[in-house]
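Chain by chain, the residues run as shown.
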Amino acid sequence: VMDYASNLPETSWKRWLLSLGVITGGRLNEISQLTRSDIQTLDSGVTAIHINEVGEGKSIKNKRSERLIPLTDGAYGFDLAAFLRYVESCKLSGSDSLAQIGYKTAGDWANRQAIPEALGDDHKAGLTFHSLRHSLASLMQVKGVPTVHAQAVMGHASGTITFDTYGSGVPVETLVEMLGGLFRV
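Computed from a predicted structure; not experimentally measured. (Residues numbered from 1 in each chain as written. Predicted model: local features only at pLDDT ≥ 70, side-chain atom pairs only at ≥ 80, totals over all residues. Heavy atoms only, no water.)

A. A look at the pattern of salt bridges. Scanning the model with the defined rule gives 5 salt bridges in all. Among the ionic pairs, Arg 85 bridges to Glu 10, the shortest N-O distance being 2.8 Å. In this pair, Arg 85 sits in helix α4 (residues 80-92) while Glu 10 sits in the loop between α1 (2-6) and α2 (13-24), placing the two residues 75 residues apart along the sequence. Residue class for Arg 85 comes out partly exposed when judged on its relative accessible area of 45%. Accessibility expressed as a relative area gives 28% for Glu 10, which makes it partly exposed. Among the salt bridges present, the one from Lys 104 reaches Asp 108, with a minimum N-O distance of 3.4 Å. A residue pair is termed a helical-turn pair when its members lie 3 or 4 positions apart in one helix, as Lys 104 and Asp 108 do in helix α5 (residues 103-119) at 4 residues. On the basis of relative accessibility, which here comes to 29%, the residue Asp 108 falls in the partly exposed class. The network of salt bridges with shared partners includes Arg 27, Glu 30 and Arg 67. (Salt bridge = Lys/Arg side-chain N within 4 Å of Asp/Glu carboxyl O. Helix = DSSP H or I, 4+ residues; strand = E, 2+ residues; numbered from the N terminus. Buried < 20%, exposed > 50% of the residue type's maximum accessible area, 1.4 Å probe, protein only.)

Structure representation (structure tokens):
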């Protein structure tokens with residue numbers, strides 16, 4: 001999926017929707033409602049997305065869903081500099097929203113076109129954008145990531161939800177180190 005996304009134009013929100021889904025495990029609605037102000041560079045130099053409901057029409061699943069997820073440059077080929085250029089281009093165009101397509105349109109495109117095309121013969125019925133979330137949770141479980149760290153990335157209140165179905169209190173710098181090791185960048 002990341003190879004497919006990386007071949008989309010740098011100026012296309014579709015590229016970043018898929019890419020952020022792969023490397024953050026963010027929910028479709030969380031990624032599709034990101035604004036420029038949700039892309040934050042912390043004092044430590046870490047760039048993260050801030051999943052929140054600040055702004056008109058934004059919503060999150062529950063209070064534990066608000067979180068900072070660090071962006072791992074190089075994860076599966078994710079190009080942080082290109083993403084930040086995209087964010088800057090949105091600023092220059094006067095758009096606060098990063099998404100060029102809405103939640104429903106994004107889901108239709110990702111689930112009916114992009115993911116089946118990206119996976120080709122490996123595509124199976126039921127694989128959707130949300131499957132990217134499950135993949136990240138499974139990878140964290142297999143690699144022995146502490147439950148509390150996985151919870152912080154996934155935005156779950158319970159470790160059981162994080163690992164059986166698919167943050168808070170964990171410094172984002174710890175998540176940077178954990179995700180970097182997970183993606184081996």
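B. Looking closely at the sheet that holds strand β3 (residues 67-70). Ordered in space as β1-β2-β3, the 3 strands form an open sheet in which the pairing is antiparallel. The two strands at the open ends of the sheet, each matched to only one other strand, are β1 (39-41) and β3. This sheet shows a mean twist of 35° between the axes of neighbouring strands, independent of strand direction. (Pairing = 2+ DSSP bridges. Axes fitted to C-alpha atoms, helices over the stretch in contact; angles between N-to-C directions.)

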